[in-house]
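# A structural walkthrough
Spelled out, the chains give:
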Amino acid sequence: MDGSSENPPLAPGLYLVATPIGNLEDITLRALRILKQADRIACEDTRQTAKLLGHFGIATPTVSYHAHNEASRANELIEALQQGGRIAVVSDAGTPGIADPGAILAREAIAAGVAVFAIPGANAAITALVASGLPSEHFAFHGFLPSKEGARRTVLEALRDALPHSEPSTHIFYETPHRIVGALEDVVATFGAAHRVSLARELTKLHEEFLRGTAGEVLAALQSRPSIRGEMVLLLDGTPTLALHPIGEAVHATLGAEVAALIKSGLSEKDALKQAAKSRGLSKSEAYREWQRTQPRKR
Ligand code: SAM
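So, a few notes on the structure that sits alongside this text.

What counts, and where the lines are drawn
- Starting from 1, residues in each chain are numbered consecutively following that chain's sequence as written.
- For a predicted model such as this one, the threshold for reporting local features is a pLDDT of at least 70, and the threshold for listing and counting side-chain atom pairs is 80 or more; totals across whole chains, interfaces and linings nevertheless cover every residue.
- As a rule here, side-chain values cover all heavy atoms of the structure and leave hydrogens and water aside.
- Any Lys or Arg side-chain nitrogen found within 4 Å of a carboxyl oxygen on Asp or Glu counts as a salt bridge.
- Secondary structure elements follow DSSP: runs of H or I of four or more residues count as helices, runs of E of two or more count as strands, with numbering from the N terminus.
- By nonpolar core we mean a set of buried residues, namely Ala, Val, Leu, Ile, Met, Phe, Trp, Tyr and Cys, connected to one another through side-chain atoms within 4.5 Å.
- When accessible area is computed with a 1.4 Å probe and restricted to protein chains, residues below 20% of their type maximum are described as buried, those above 50% as exposed, and intermediate ones as partly exposed.
- Here, two residues are considered to be in contact whenever any of their heavy atoms come within 4.5 Å of each other.
- What makes a patch is a set of residues exposed beyond 30% relative accessible area and free of salt bridges, joined within 9 Å when like-charged and within 5 Å when nonpolar (Val, Leu, Ile, Met, Phe, Trp, Tyr).
- Using a 1.4 Å probe, accessible areas were evaluated by the Shrake-Rupley method; residue-level cover was limited to the displayed protein chains.
- For each residue, the test is whether any non-hydrogen atom lies within 4 Å of the molecule or strand; if one does, the residue is near.
- As used in this structure description, the phrase polar contact means that two N or O atoms lie within 3.5 Å; if the pair is within protein, one of them must be able to donate a hydrogen and the other to accept it, and residues adjacent in sequence are counted only when both atoms belong to side chains.
- Computed over the protein atoms alone on a 1 Å grid, cavities are sets of points where a 1.4 Å probe fits but cannot get out and pockets are open sets with protein on both sides within 12 Å along at least five of seven lines; a residue lines them when it has an atom within 4 Å of a point.
- Whether a molecule lies in a cavity or pocket depends on its atoms, and more than half of them have to be within 2 Å of the grid points.
- Under the convention adopted here, Pro, Cys and the residues Ala, Val, Leu, Ile, Met, Phe, Trp and Tyr are nonpolar, Asp, Glu, Lys and Arg are charged, and Gly plus all remaining residues are polar.
- Reported domain spans reflect what an automatic or database domain assignment gives.
- For Phe, Tyr and Trp, rings pair up if their centres lie within 6.5 Å, where Trp contributes its six-membered ring, and each pair is then called stacked (planes under 30 degrees apart), edge-to-face (over 60) or tilted (otherwise).

Attention shifts here to the pattern of salt bridges. For the coordinates displayed, the defined rule picks out 14 salt bridges. The salt bridge involving Glu231 is made with Lys205; its shortest N-O contact spans 2.9 Å. Here the residue Glu231 occupies a position in the loop between helix H8 (215-223) and strand S10 (232-237), and Lys205 occupies one in the loop between strand S8 (196-201) and strand S9 (209-214), the gap between them amounting to 26 residues. When salt bridges that share partners are traced, they join Glu149, Arg152, Arg153 and Asp186 into one network.

Attention now moves to the nonpolar core. Side chains of nonpolar character tend, in soluble globular proteins, to be buried together. Within the largest apolar cluster, 20 residues are counted, with the highest numbers of intra-cluster contacts made by Leu184, Val187, Leu199, Leu234 and Leu236. Of all the elements in the fold, those that place two or more residues in this core are helix H6 (149-162), helix H7 (180-191), S8, H8 and S10. Ranked by the residues each element gives to this core, the list is headed by H7, at 5 residues. Setting aside residues no more than four positions away along its own chain, Leu236 makes contact with Leu134, Leu156, Ser169, Thr170, His171, Phe173, Val187, Phe191, Arg196 and Val197.

The next subject is the environment of Glu209. As for its placement among the helices and strands, Glu209 is situated in strand S9. For Glu209 and Met232, which are 23 residues apart along the polypeptide, the C-alpha to C-alpha distance reads 9.5 Å. Setting aside anything within four residues of it in sequence, one finds Glu209 in contact with Leu199, Ala200, Arg201 and Arg225.

Moving on, we come to a nonpolar patch on the surface. A cluster of nonpolar side chains, contributed by Ile126, Val130 and Phe139, occupies part of the molecular surface with about 280 Å² of accessible area. One can find Phe139 in strand S6 (residues 139-144). On the accessibility criterion, Phe139 (40% relative accessible area) is partly exposed.

This part is about the site of the ligand. Not every one of the 19 residues close to the ligand is listed here, only the nearest: Ile98, Asp100, Asn123, Tyr174 and Met232. Ile21 is positioned such that a nitrogen or oxygen atom in its backbone is 2.9 Å from a nitrogen atom of the ligand. For the ligand, the accessible surface in isolation is 580 Å², of which the surrounding protein chains cover 90%. In a pocket analysis with a 2 Å cut-off to the grid points, the ligand is assigned to the largest pocket. Going through the elements one at a time, strand S7 (170-175) and S10 are the ones with two or more residues in the shell around the ligand. Grouping the amino acids of the shell around the ligand by side-chain chemistry returns 11 nonpolar, 3 polar and 5 charged. When residues of the shell around the ligand are sorted by domain, at least three fall in each of domain 1 (13-122) and domain 2 (123-299).

In the structure shown here, the tally under the stated rule is 3 aromatic pairs. Relative to Phe117, the ring of Tyr15 has its centre 4.7 Å away and its plane inclined at 25°; by these criteria the two rings are stacked. Residue Tyr15 is found in strand S1 (residues 13-17), and its partner Phe117 is found in strand S5 (residues 116-119); the two are separated by 102 residues along the sequence. Overall, the relative accessible area of 4% leaves Tyr15 in the buried class. Under the relative-accessibility criterion, Phe117 is labelled partly exposed at 27%. Judged by centre distance (4.9 Å) and plane angle (65°), the rings of Phe141 and Tyr174 are edge-to-face. Remark: Tyr174 occurs in strand S7 and Phe141 occurs in strand S6; sequence separation between them is 33 residues. Within the aromatic cluster, the residues linked to one another by ring pairs are Phe141, Phe144 and Tyr174.

What follows is the structure, encoded as structure tokens:
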């Protein structure tokens with residue numbers, strides 16, 4: 001609060017208001033004031049937001065604003081904003097614009113010269129990150145992983161190949177109960193069963209839990225359950241691979257031996273390098289450099 005009198009008048013503009021991701025106590029005092037004072041609240045789902053507004057005794061009119069009408073509804077809302085309106089935007093839960101509608105409206109409001117205010121609050125990705133036990137100084141949020149296995153593996157492989165070049169960091173994904181086992185199986189196939197992960201489930205709710213451990217352990221824990229439920233965030237360790245192997249020379253020697261064995265088994269040099277790179281989480285060029293170091297110098 002700015003310390004001035006109660007309920008200062010609300011300045012014209014667009015207000016992107018974060019709402020709780022489960023626990024209603026996570027709404028901020030400022031969010032409640034803005035939702036009360038706005039002319040209109042644009043909601044991802046008006047019925048969902050009606051529950052929140054009812055709980056806090058807020059009677060501001062609502063209008064729907066979701067993935068399917070985001071572009072067309074934006075025009076109408078921008079016109080109202082240009083006439084000095086005060087419009088709040090909320091999604092079903094958490095921060096608008098983060099895996100939810102809101103970004104198009106913000107962009108268009110900025111282009112139209114309208115003031116845009118972000119009203120901070122709950123967000124599942126950040127809430128999961130800070131209690132994950134994984135690095136939080138650097139992180140990348142990727143939204144939802146693709147639902148199809150092929151596309152999902154491609155995304156995971158690209159992240160794995162980038163590991164040797166990255167800062168210690170964490171990759172954050174939103175997931176769904178029916179896709180989490182497939183996603184973790186792909187993490188095991190891509191990064192290996194020993195890769196560190198954290199799964200945050202039902203954050204801020206009664207059955208909140210964190211499953212922290214290796215990808216293999218978390219996968220086995222989920223597979224042993226009769227059913228998998230709830231909202232969830234999957235976090236993968238993004239610590240550079242080479243840092244995990246302080247015995248660098250041993251890694252190089254093993255890579256050389258592996259490439260030699262693969263060539264002996266009939267693979268071309270290129271395919272052998274590709275496979276050895278994949279099994280170590282190295283990019284092809286990185287593996288090539290390491291392999292060259294193990295080769296006898298040609299005179
Ligand atoms: N805008 C929201 C935010 O700021 O976090 C995210 C909306 S996105 C459509 C919904 C996804 O967020 C869920 O499928 C889940 O991955 C994650 N999520 C939302 N609430 C959660 C919670 N309470 N616990 C764990 N994950 C949650």
